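Breakdown of the fold
Take a look at the letters that make up each chain.
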Amino acid sequence: MTNSATNLRLKLPIACIILEVIIIILFGTLVQYDDETDAKLWHKEIANGSSNYDNDFYYRYPSFQDVHVMIFIGFGFLMTFLQRYGFSSVGFNFLIAAFALQWATLMQGFVHGMHGGKIHVGIESMINADFCTGSVLISFGAVLGKTSPVQLLVMSVIEVTLFAVNEFIVLSVLGAKDAGGSMTIHTFGAYFGLMVARVLYRPNLDKSKHKNCSVYHSDLFAMIGTIYLWMFWPSFNSAVTAHGDDQHRTAMNTYYSLAACTLATYGLSAVVAHDGKLDMVHIQNAALAGGVAVGTAGEMMLTPFGSMIVGFLAGTVSVLGYIDITDTRTHGTDNFPPLASQPILEQKLKIQDTCGVHNLHGMPGVLGAIVGAVTAALATKDVYGDGMADVFPDIHSGDVEASFQGVRQAISLAVTLGIALLGGLITGFILKLPIYGAPPDTICFEDGIYWELPGEEGSQEELTAVRTPDETEKLNA
Amino acid sequence: MTNSATNLRLKLPIACIILEVIIIILFGTLVQYDDETDAKLWHKEIANGSSNYDNDFYYRYPSFQDVHVMIFIGFGFLMTFLQRYGFSSVGFNFLIAAFALQWATLMQGFVHGMHGGKIHVGIESMINADFCTGSVLISFGAVLGKTSPVQLLVMSVIEVTLFAVNEFIVLSVLGAKDAGGSMTIHTFGAYFGLMVARVLYRPNLDKSKHKNCSVYHSDLFAMIGTIYLWMFWPSFNSAVTAHGDDQHRTAMNTYYSLAACTLATYGLSAVVAHDGKLDMVHIQNAALAGGVAVGTAGEMMLTPFGSMIVGFLAGTVSVLGYIDITDTRTHGTDNFPPLASQPILEQKLKIQDTCGVHNLHGMPGVLGAIVGAVTAALATKDVYGDGMADVFPDIHSGDVEASFQGVRQAISLAVTLGIALLGGLITGFILKLPIYGAPPDTICFEDGIYWELPGEEGSQEELTAVRTPDETEKLNA
Amino acid sequence: MTNSATNLRLKLPIACIILEVIIIILFGTLVQYDDETDAKLWHKEIANGSSNYDNDFYYRYPSFQDVHVMIFIGFGFLMTFLQRYGFSSVGFNFLIAAFALQWATLMQGFVHGMHGGKIHVGIESMINADFCTGSVLISFGAVLGKTSPVQLLVMSVIEVTLFAVNEFIVLSVLGAKDAGGSMTIHTFGAYFGLMVARVLYRPNLDKSKHKNCSVYHSDLFAMIGTIYLWMFWPSFNSAVTAHGDDQHRTAMNTYYSLAACTLATYGLSAVVAHDGKLDMVHIQNAALAGGVAVGTAGEMMLTPFGSMIVGFLAGTVSVLGYIDITDTRTHGTDNFPPLASQPILEQKLKIQDTCGVHNLHGMPGVLGAIVGAVTAALATKDVYGDGMADVFPDIHSGDVEASFQGVRQAISLAVTLGIALLGGLITGFILKLPIYGAPPDTICFEDGIYWELPGEEGSQEELTAVRTPDETEKLNA
């Protein structure tokens, strides 16, 4: 089943070690502690009257750790829903996240301005690196089960670079606001990944379709991912907003948006799932759309009321995205239906979106960008007071009108979509080269191709792990 | 097995969407940012000399997130111990928590005083809403496996409302202290739920008893819930106590109480479980009783010594509650014993308490209330110093004697029990109406009735998910 | 299968209750709130101009909770990789951690200086107690599956005591720095545990070897432990470093070390695992070595560059430690190979190291101690500025040269190794007494010996928990 093509003995070590050595060299030549992590510089600030509490660490570290949990546990376990792809879901998520956060530190450092030829790092750069990593993991969701770890590392190299470029254009050139990343993280990651999936389209993927579904326990593991993402999304959206009311408000808006989204998700799931039952795939994904959709506007004066409306819409859109309007299967003739997370995309556009990232990150991300543009256009000095300086510094300074801020937000969405789609296209073709050890069509969604599975040499044992009554009796004797 | 009675296609969407629309309308008309989340108001405070660090967000957000984890992961996974009810345990927990925290914001806002006709929201209201939600989830534990999600939503609507009323009476009218909610959260939630379970008593529930037990993996999932509850209970009890020594002391008292409780639980479990082995049901539940039992007194000068004694007692009481003194079963004749989490309650009082909430929240909650009353009655200026103003403002101001504070605490327990039992009674009868899609006696404790289960159309696949040696060999070839 | 020797009915209750009663009495006579948890004393500080924010709770509580998660979830679930030892891994971890943190409070309090005959407790003592507990849990990893809970409690009593003594010598007498515990926690815990395992060597352990391996789901549960340890290690290393730049820098150095370590681990795993696949045992363990290896130097001006080199080396050393250079097995003749986590240690030194703690904590801990000594020896006023006072107070005050600080660090490693090995030796002989209910060679690595297993009396049910197609059809009817 495994063969030299998917053997990782040379490919993965070469990729990992070359990349890590490059990173270490670049860090050695380019990266420095910032003023708040450097012993000498921080103590100069202390000598100038700062208190240790002014160190940004105390404002942001708890949020950073929540974001960190979302990246490694949230994304990692969300993707364990596949019955035999748990090792790869958590394990490749772990690998590419550990790589991407280092690479992102460098790429974001390059484009966001160097300090005397050096990249300065501290808690805020750590959060931003994790954010960029999140975008890569969203793309991973679209190609889950169909790519080798080497392909994923190559994808990460390119995607992180383009993410940094896009982020720079959106935030610095265009002056848009996007603290929670509706555009820069979710829209970018989703459409980049979908385009990669399009180029890597496998017409014969149905040969693996019996593995492209969940089992009872894998769905429970996936719920660990879902719930952690849901709980910590308020920290995600508020992690890099301004101190004080901004962080406080962003967290609260996100909390309400998610709560409303969850009610919408459960209500609609029962409507669209067959037999009037709930469908785990909706709960695992659509209930999170409310966090995506307030990624841009969460820091604005959206109000809890507005947040709930946005969350409710996001959940609705997301569940509806899972409907298979072309469904012609009849019970009994098709014993192994795929999860059908993106039936329309697959049938009309030849995009095989394993995790349904279009429903969770794509559409809600675009919705979030639009909500952000509208909310920005409606900003008034009367509502924001002096807080305008934190949320919309250009409006506060009089450089732009609120309506123009709205236009900048909208342009940013278009730019993000453009870079994501073009970048995904190019990346897809690079990943199509037959040198990365990608799995054949017949053994996608299968851990055994890249992992030594337990019980490989002792599988009788595994089969009797569920103990027979006899054994149990003996144990109780 | 499913039939129109339990089909959710209409019932659940109607419940979710009507409730969410009502909530959104009420939020639109009544809810406002408080001074610390509103951009304009907070910047006025900044202009008046406040620092961003004075924003309550930084004092309470880490605690809030810990509480949030307890609500969604802790309670959700604690209830996954049932072999085939994991989707419902985590999933319904998720649904009713997302609903209850919104409804609680409104109900608590109404009764705790409006500001110019508006409810002000911020981090403290978010924590309090999560607390109220916790109470509903405790009640959920008593009726787990025997109720439809629509019933649970209706129960939440009523219980949240009565919770807010009781909380107002206890904290504002009676002037009792109960920061960690021994009374308002645990006692209230437990006895409310037990009374609901009493009214919903199913004499023929033994038809489902073979499903009312755990399997190996479900017990491990449940331990995720247990451990998270245990670890973050110090944050729970200290989340809304006064800044400074109060939060610090409450967290520490809870930490020691839980540690002592755990030792008592393990020791007693080996005594009472048959064959001198440990019983998972004790570990999963009784080890947490120490957190419940210092919910009231944790912020007081209970000392680590006092906290440990309370925790030790709570663990003891909780384990003893699981003993089946009426046990007449003999091995071999009864192949499928129920978990027997509340054998006495069931046999004597006809209360079928699925999760044993009486042992985890009921008795330890009452113990915590008594400990709180005694500790309050013993408060002296000599011990508390100026800190008395934070813990017992009425004693500090001279309005009441310490002994009278103790009396107020005791009365609060009685009031809480009364409202919980009466409220549970009424709610039980409302939930008994045959319109909510409750499961029949034969298929309780079964996810399949409300969830599309994976492998429903492809269960061969599921059965072979444990690979045969042949397959494994091929994979290794 | 169970017999009176392993029956816990008397042994465990006696151990738990006697120990807890002793602890409670000692707490009652010796332990007091410190200045920041005592109502009266803190309010005196407030009256003297302190702000509530100066309370150390706000500097350290988020880190404490991350450490707490590592201790109870991280260590607990990391050890669930064994197929039938999940209850014991999580459950005994829970028990001995709950005990050890109480005992550590007392022992650390004794040796680190009493205040007027009293031990003062607050957030820092809580973190230190959790740290000491971590050391015991490392030793637990070496003897996992082969010891009774009573043995583990006895081991904890001794190990905590010696930990406190060693910590006192290293930090206070020798004046070494070791905030993240490369020496005091990891090296100490690993070599103590390995020596205990040596004394408890079981020549006939291969009778249980078919249970000394993982299954698919148990490896996924273990990944929960791994990922939590990985994510929160920055909090672990920075939890007790000085406020401000020190905590900030330590967290960041650890973050980069771990990321580089992970890339090294994946790359090397594919090289050394057979068939060019990845091996879960490497990922679960070696990816964490980067956190261990910057436990001493993390707070120093190691730079992200230096941290990455250290992490990369640690991952490399750790993966290589798992290689079985004496491997003579051939496929097909040995159906049940042990996990071979420490083949060399077992075959050459008769140390059966169940979890491979030598690879994860032992070698990386020694590496971390060396890195710390070198980094300390290179410290200059030019690099640290006034920050030297926090990191190396004795160099700052001119009491010692940097090079001598390096020497003190190196001596500390030697002292730690000596106390750990000698302590482990003595403890091993004490644990060898046949009075603790240790499992026989034939049923090691087996929960059933100490736990009531679900399905014991109803195992048919368990076997049909995976539903047959017929049943499923009925459910869908």
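For the structure given in this document, a descriptive report is provided here.

Cut-offs used in this document
Residue positions are counted from 1 within each chain, in the order its sequence is given. Whichever chain is written first becomes A and whichever ligand is written first becomes 1, with later ones labelled in order. For this predicted model, a pLDDT threshold of at least 70 governs which residues receive local features, and a threshold of 80 or more governs which side-chain atom pairs are given and counted, while totals over whole chains, interfaces and linings are taken from all residues. Computation of side-chain values covers all heavy atoms of the structure but excludes hydrogens and water. What counts as a helix is a DSSP run of H or I of at least four residues, what counts as a strand is a run of E of at least two, and both are numbered from the N terminus. Throughout, radius of gyration means the C-alpha value; the globule benchmark is 2.2 Å times the number of residues raised to the power 0.38. Here, two residues are considered to be in contact whenever any of their heavy atoms come within 4.5 Å of each other. Here, Shrake-Rupley sampling with a 1.4 Å probe gives the accessible areas, and only protein chains in the shown set may cover a residue. As used throughout, the charge tally considers Lys and Arg to be positive and Asp and Glu to be negative, leaving His and the chain termini uncounted. We put the charge of a Lys on NZ, of an Arg on CZ, of an Asp on CG and of a Glu on CD. When two rings of Phe, Tyr or Trp (its six-membered ring) have centres within 6.5 Å they constitute a pair, described as stacked for plane angles under 30 degrees, edge-to-face for angles over 60, and tilted for the intermediate range. Relative accessibility under 20% of the residue-type maximum defines a buried residue, over 50% an exposed one, and the middle range a partly exposed one, all with a 1.4 Å probe and only protein chains included. Take the accessible area each of two parts loses on contact, using a 1.4 Å probe, and add the two losses: that sum is the buried area. We count a salt bridge whenever a side-chain nitrogen from Lys or Arg sits within 4 Å of a carboxyl oxygen from Asp or Glu. Contacts described as polar in this section are N or O atom pairs within 3.5 Å, which, within protein, must combine one atom able to donate a hydrogen with one able to accept it, while residues neighboring in sequence count only if both atoms come from side chains. The classification used treats Ala, Val, Leu, Ile, Met, Phe, Trp, Tyr, Cys and Pro as nonpolar, Asp, Glu, Lys and Arg as charged, and all other residues, Gly among them, as polar. C-alpha atoms of residues with pLDDT of at least 70 in both copies form the basis for the least-squares superposition of the copies. Whenever a helix is involved, its axis is fitted only over the stretch in contact; in every case the axis is a line through C-alpha atoms, and angles between N-to-C directions fall within 0 to 180 degrees. Under this scheme an angle from 65 to 115 degrees is roughly perpendicular, one under 35 degrees roughly parallel, and one over 145 degrees roughly antiparallel; angles in between are oblique. In this scheme, a crossing is called left-handed if the near helix is turned counterclockwise away from the far one by less than a right angle; it is called right-handed if the turn is clockwise. Here, nonpolar core refers to any group of buried Ala, Val, Leu, Ile, Met, Phe, Trp, Tyr and Cys residues whose side-chain atoms link them within 4.5 Å. Expected helix span is taken as 1.5 Å per residue step, with the number of steps being one fewer than the number of residues. A residue's bend is simply the angle between two axes: one fitted to the seven residues ending at it, one to the seven starting at it. In plain terms, two cysteine sulfur atoms within 2.5 Å form what is called a disulfide here. Patches here: salt-bridge-free residues with over 30% relative accessible area, like charges joined within 9 Å, nonpolar side chains (Val, Leu, Ile, Met, Phe, Trp, Tyr) joined within 5 Å.

Here we come to the overall build of chain A. Counting its regular elements, chain A contains 20 helices and 2 strands. In terms of C-alpha radius of gyration, chain A reaches 23 Å, essentially the compact-globule figure of 23 Å for 477 residues. Seen along its three principal axes, the alpha-carbon backbone of chain A occupies a region of about 75 × 55 × 50 Å. A fraction of 80% describes how many contacts in chain A between residues 6 or more apart in sequence connect residues 24 or more apart. Summing over all exposed atoms, chain A offers an accessible surface of approximately 13,500 Å²; the carbon and sulfur share of this is 63%. When the 24 positive and 43 negative side-chain charges of chain A are each reduced to one mean point, those points stand 8 Å apart.

Moving on, we come to the packing of aromatic side chains. What the rule picks out here adds up to 84 aromatic pairs over all chains. Look at Phe131(A) and Phe236(A): their rings are 4.5 Å apart centre to centre, the planes differ by 40 degrees, and that puts the pair in the tilted class. Here the residue Phe131(A) occupies a position in helix α5 (residues 123-143), and Phe236(A) occupies one in helix α8 (residues 216-238), the gap between them amounting to 105 residues. Note on Phe131(A): relative accessible area 3%, which makes it buried. Taken together, a centroid distance of 6.1 Å and an interplanar angle of 85 degrees make the contact between Phe72(B) and Phe94(B) edge-to-face. Residue Phe72(B) is located in helix α3 (residues 56-78), and its partner Phe94(B) is located in helix α4 (residues 86-111); the two are separated by 22 residues in the primary sequence. Accessibility expressed as a relative area gives 0% for Phe72(B), which makes it buried.

A few words now on the interface of chain C and chain A. Contacts between chain C and chain A engage 93 residues on the former and 87 residues on the latter. When chain C packs against chain A, the two sides together hide about 8,000 Å² of surface, and 66% of this comes from carbon and sulfur. Counting every contact that joins chain C to chain A gives 1 salt bridge. For Asp382(C), the salt bridge is made with Lys40(A), and the minimal N-O distance between the two is 3.5 Å. Taken together, the connections running from chain C to chain A amount to 32 residue pairs in polar contact (both at pLDDT 80 or more). Where the side of chain C that touches chain A is concerned, the elements lending two or more residues are α3 (56-78), α8 (216-238), α9 (245-272), α10 (280-285), α12 (303-321), α15 (381-384), α19 (459-463) and α20 (469-476) of chain C. It is α9(C) that contributes the most residues to the side of chain C that touches chain A, 19 residues altogether. Of the residues in the side of chain C that touches chain A, the class split is 48 nonpolar, 27 polar and 18 charged.

As a further point, take unusual backbone geometry. For Lys350(A), which is not glycine, the phi dihedral falls at a positive 55 degrees. Lys350(A) sits in the partly exposed class, given a relative accessible area of 40%. Within the chain, Phe445(C) stands out as a residue other than glycine whose phi angle is a positive 55 degrees. Looking at the element boundaries, Phe445(C) is found in the loop between α18 (402-432) and α19.

Turning our attention to the relation of the copies chain C and chain A. Note on the copies: chain C fits chain A at an RMSD of 0.0 Å, the axial shift is 0.0 Å, and the rotation between them is 120 degrees. These values place the two chain copies in the arrangement generated by a three-fold rotation axis. No C-alpha of chain C approaches the rotation axis more nearly than that of Pro62(C), which lies at 3.7 Å.

This paragraph deals with the environment of Gly193(A). All names here are of chain A. Residue placement: Gly-193 occurs in helix α7 (residues 182-199). Residue classification places Gly-193 among the buried positions, given a relative accessible area of 0%. Spatially, the C-alpha atom of Gly-193 lies 9.9 Å from that of Gly-362, the residues being 169 residues apart in sequence.

So, on to the packing of helix α4 (residues 86-111) of chain C against helix α6 (residues 149-173) of chain C. All names here are of chain C. Two elements in contact, α4 and α6, have axes whose closest approach is 9 Å; the angle formed by their N-to-C orientations is 30 degrees. Classified by the interaxial angle, the pair formed by α4 and α6 is roughly parallel. When you trace α4 past α6, the crossing you get is right-handed. Residue-level contacts link Phe-92, Leu-95, Ile-96, Phe-99, Ala-100, Trp-103, Ala-104, Met-107, Gln-108 and Val-111 of α4 to Pro-149, Leu-152, Leu-153, Ser-156, Val-157, Val-160, Thr-161, Phe-163, Ala-164, Glu-167 and Phe-168 of α6. Grouping the amino acids of the contact of α4 with α6 by side-chain chemistry returns 17 nonpolar, 3 polar and 1 charged.

The subject of this paragraph is the nonpolar core. By size, the foremost hydrophobic cluster in this structure holds 455 residues, and its most contacted members are Tyr228(A), Tyr228(B) and Tyr228(C). Every residue in contact with Tyr228(A), bar those within four places of it in the chain, is listed here: Val69(A), Met70(A), Ile73(A), Val69(B), Ile73(B), Tyr228(B) and Tyr228(C). Val170(A), Ala176(A), Ala369(A) and Leu413(A) belong to the second-largest nonpolar core, a separate cluster that totals 5 residues.

Moving on to the interface of chain B and chain A. Counting from both sides, the interface comprises 87 residues of chain B and, opposite them, 92 residues of chain A. Interface area, chain B with chain A, both sides summed: about 8,000 Å², of which 66% is carbon and sulfur. Summed over the shared surface of chain B and chain A, the number is 1 salt bridge. Along the contact surface separating chain B from chain A lie 32 residue pairs in polar contact (both at pLDDT 80 or more). Considering each element in turn, the side of chain B that touches chain A owes the most residues, 12 residues, to α4(B).

What follows deals with the packing of helix α14 (residues 357-377) of chain A against helix α18 (residues 402-431) of chain A. All names here are of chain A. Where α14 contacts α18, the axes come no closer than 6 Å and their chain directions differ by 165 degrees. With respect to their mutual orientation, α14 and α18 come out roughly antiparallel. The hand of the α14/α18 crossing is right-handed. In this structure, α14 contributes Val-366, Ala-369, Ile-370, Gly-372, Ala-373, Ala-376 and Ala-377 to the contact, and α18 contributes Ala-402, Ser-403, Gln-405, Gly-406, Gln-409, Ala-410 and Leu-413.

With that out of the way, let us pick up α6(C). Because each turn of an α-helix spans 3.6 residues, side chains separated by three or four positions in sequence point in the same direction. Look at α6(C): 34 Å from first C-alpha to last across 25 residues, which is about the 36 Å you get at 1.5 Å a residue. With its phi angle positive at about 70 degrees, Gly175(C) sits one or two positions after the end of α6(C).

Residue and element names in this part refer to chain A. The end-to-end C-alpha distance of α8 is 34 Å, a good match for the 33 Å that 23 residues give at a rise of 1.5 Å each. Along α8, the largest kink reaches about 50 degrees and is centred on Phe-232; proline Pro-234 follows within four residues of it. Where burial is concerned, most of α8 is hidden: 22 out of the 23 residues are buried.

Moving on, we get to the state of the cysteines. Here the structure, examined in full by the defined rule, presents 0 disulfides over all chains. Cysteine Cys132(A) is unpaired, with the sulfur of Cys16(A) as its nearest cysteine sulfur at 18 Å.

On to the side chain of Thr254(B). Here Thr254(B) is to be found in helix α9 (residues 245-272). With residues up to four places along the chain from it excluded, the contact list for Thr254(B) reads Trp233(B), Pro234(B), Asn237(B), Gly291(B) and Val294(B).

Taken together, the side chains of Leu422(B), Leu425(B), Ile426(B), Phe429(B), Ile430(B), Leu433(B) and Ile435(B) make up a nonpolar region of the molecular surface, amounting to roughly 630 Å² of accessible area. Inspection of the secondary structure assignment puts Ile435(B) in the loop between α18 (402-432) and α19 (459-463).

So, on to the pattern of salt bridges. All names here are of chain A. Following the criterion strictly, the structure yields 27 salt bridges over all chains and no others. Here Arg-60 makes a salt bridge to Asp-56, at a shortest N to O gap of 3.2 Å. You can see Arg-60 and its partner Asp-56 sitting in helix α3 (residues 56-78), 4 residues apart, about one turn around the helix. Note on accessibility: Arg-60 and Asp-56 belong to one class, buried. The closest approach of N and O atoms between Asp-245 and Arg-249, which form a salt bridge, is 2.9 Å. Pair noted here: Asp-245 and Arg-249 are both in helix α9 (residues 245-272), with a separation of 4 residues, about one helical turn. In terms of burial, Asp-245 and Arg-249 fall into one category: buried. If you follow the salt bridges from partner to partner, you end up with Asp-56, Arg-60 and Glu-124 in one network.

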